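Here's the letter readout for the chains.
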Amino acid sequence: MNHSKTLLLEAKKRSESRFDLHHLEEKLMISPLKKLMFKYFEFRIFKRLLSSLDVNLTGKRVLEGGCGAGYGIEVISNYLRPKEYYAFDLNKGMVERSRSVVKRKGLPVNVFQGDVTEINLPSEKFDIVFIFTVLHHESKWRAALKELNRVLKPNGLLIINEINSRSLNWFERYAKVYHPKTAHFTWNMFRYELNQAQFSILKEYLFLQDFGFFIGQKKPTRK
Ligand SMILES: C[S@@+](CC[C@H](N)C(=O)[O-])C[C@H]1O[C@@H](n2cnc3c(N)ncnc32)[C@H](O)[C@@H]1O
């Protein structure tokens with residue numbers, strides 16, 4: 001069996017056994033409320049951070065990890081008009097939802113089932129990688145940051161938001177929604193691991209201290 005088939009099978013196995021999106025979280029992820037939140041809250045914050053960087057983001061090669069129901073696909077496609085857009089999710093149901101967005105809107109986006117800790121794509125392919133509230137689901141989130149770095153071109157941008165251990169503890173306590181303990185991080189840990197994965201932090205914004213928005217840039221490789 002070739003390497004890409006083996007990776008796909010592994011991703012499928014993981015999505016069926018290891019990964020289970022809590023039903024409340026899944027309901028929120030696919031709801032119209034989340035769509036509005038993404039467009040008018042999360043992505044607005046990123047737009048503000050990006051505009052202060054004064055970089056041209058249109059017509060680039062773009063990857064989105066953990067694309068969920070495809071709300072990012074719609075907004076990013078309209079905003080950036082990417083030259084190429086790949087999006088993946090570990091969860092088969094989410095992949096199907098994203099594919100139906102792509103079909104309905106007639107967007108040229110390649111959606112596939114995949115795992116952020118082992119992305120089945122060549123190194124240094126993308127100018128921009130988006131990943132919205134995915135890593136707190138992934139116990140191997142440090143490896144995921146390294147993978148995201150691998151697929152970025154030198155100086156490419158990582159656009160990422162996350163929630164920290166304080167909010168995850170709150171979800172556990174009051175909503176009984178659990179995430180892997182090993183993916184409970186503080187912002188200091190998160191900044192440290194971004195740096196370890198060879199990203200410089202260009203911009204950062206914390207909303208209520210619990211919801212973090214970061215723009216990282218892949219550091220040039222040391223010779
Ligand atoms: C909280 S949802 C966010 C979805 C979407 N990014 C959004 O903001 O609407 C987390 C998503 O990450 C996906 N996910 C979790 N672990 C993953 C992994 N190892 N690789 C790829 N996707 C993953 C889940 O299936 C889910 O769709």
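See the structure above.
Residues numbered from 1 in each chain as written. Predicted model: local features only at pLDDT ≥ 70, side-chain atom pairs only at ≥ 80, totals over all residues.

Peer 1: Before we go on, may I ask you to explain the sheet that holds strand β3 (residues 109-113) in this structure?
Peer 2: For sheets, the rule is that strands pair by backbone hydrogen bonds, running either parallel or antiparallel. The mixed open sheet is built from 7 strands, whose spatial order is β3-β2-β1-β4-β5-β7-β6. A strand with exactly one partner marks an edge of an open sheet, and here the two such strands are β3 and β6 (199-207). Across this sheet, the average inter-strand angle for adjacent strands is 15 degrees, counted without regard to direction. For strand β4 (residues 126-132) and strand β5 (residues 152-163), the ladder comprises 6 bridges, and the chain directions are parallel. Among the inter-strand pairings, Phe132 is bridged to a residue of β5, identified as Asn161. Against the sheet, helix α5 (residues 92-105) contacts β2 (84-89) and β3, and its axis sits at roughly 165 degrees relative to β3. Sheet contacts for helix α8 (residues 187-196): β5, β6 and β7 (211-218); angle to β6, the most-contacted strand, approximately 160 degrees. (Pairing = 2+ DSSP bridges. Helix = DSSP H or I, 4+ residues; strand = E, 2+ residues; numbered from the N terminus. Axes fitted to C-alpha atoms, helices over the stretch in contact; angles between N-to-C directions. Contact = placed C-beta atoms within 7 Å.)

Peer 1: Hey, could you run me through the site of the ligand in this one?
Peer 2: The immediate surroundings of the ligand are formed by 23 residues, with Gly66, Gly68, Asn91, Val116 and Phe132 found nearest. At the level of elements, α3 (32-51) and α4 (71-80) are the ones that each hand at least two residues to the shell around the ligand. For the shell around the ligand, the per-class residue count stands at 11 nonpolar, 8 polar and 4 charged. (Near = placed C-beta within 6 Å. Nonpolar A, V, L, I, M, F, W, Y, C, P; charged D, E, K, R; others polar.)

Peer 1: What's the story with the nonpolar core in this structure? I'm lost.
Peer 2: Most often, soluble globular proteins keep nonpolar side chains buried together rather than apart. With 49 residues, the main nonpolar core has Ala87, Val129, Phe130, Ile131, Leu148, Leu158 and Ile159 as its most contacted residues. Top element by residues in this core is β4. It accounts for 6 residues. (Core = buried A, V, L, I, M, F, W, Y, C linked by C-beta atoms within 7 Å. Buried ≥ 20, exposed ≤ 12 C-beta atoms within 10 Å, placed from the backbone.)

Peer 1: What am I meant to see in the pairing of β7 here?
Peer 2: Along any regular strand, the residues point their side chains to alternate faces of the sheet. Where β5 meets β7, 7 bridges bridge the pair, whose relative direction is antiparallel. Counted as the bridge partner of Ile163 is Phe211 from β7. When β6 meets β7, the two strands line up antiparallel, connected through 8 bridges. Bridge assignment links Tyr205 to a residue of β7, and that residue is Phe213. Joining the antiparallel neighbours β6 and β7 is a turn of 3 residues, in which Leu208 adopts a positive phi near 50 degrees.

Peer 1: Explain the packing of α3 against α4 here, please?
Peer 2: Relative placement of two packed helices is described by the angle separating their axes and the distance separating the axes. Close contact between α3 and α4 brings their axes to 9 Å; oriented N to C, the two are set at 45 degrees. Relative to α4, the element α3 is oriented oblique. Judged by the sense of rotation from one axis to the other, the crossing of α3 with α4 is right-handed. On α4, the residues that touch Lys34, Lys35, Phe38, Lys39 and Phe43 of α3 are Tyr71, Gly72 and Val75. Among the residues forming the contact of α3 with α4, the class breakdown is 4 nonpolar, 1 polar and 3 charged. (Parallel < 35°, antiparallel > 145°, perpendicular 65-115°, else oblique. Left-handed = near helix turned anticlockwise from the far one by under 90°.)

Peer 1: Explain the environment of Tyr85 here, please?
Peer 2: Looking at the element boundaries, Tyr85 is found in strand β2. Note on Tyr85: 25 C-beta atoms within 10 Å, which makes it buried. Those residues within four positions of Tyr85 in sequence are excluded, and the remaining contacts are Val62, Ser77, Pro108, Val109 and Asn110.

Peer 1: Help me understand the environment of Ser167, please; the structure alone is not making it clear to me.
Peer 2: For Ser167, the position within the fold is in helix α7 (residues 165-175). Judged by C-beta crowding, with 17 C-beta atoms within 10 Å, Ser167 ranks as partly exposed.

Peer 1: Honestly, the environment of Ser139 in this entry has me stumped. Any pointers?
Peer 2: Counting through the fold element by element, Ser139 comes out in the loop between β4 and α6 (141-151). Along the backbone, Ser139 and Ala183 are 44 residues apart, and their C-alpha atoms lie at a distance of 5.0 Å. Apart from residues no more than four positions distant in its own chain, Ser139 is found in contact with Pro180, Thr182 and Ala183.

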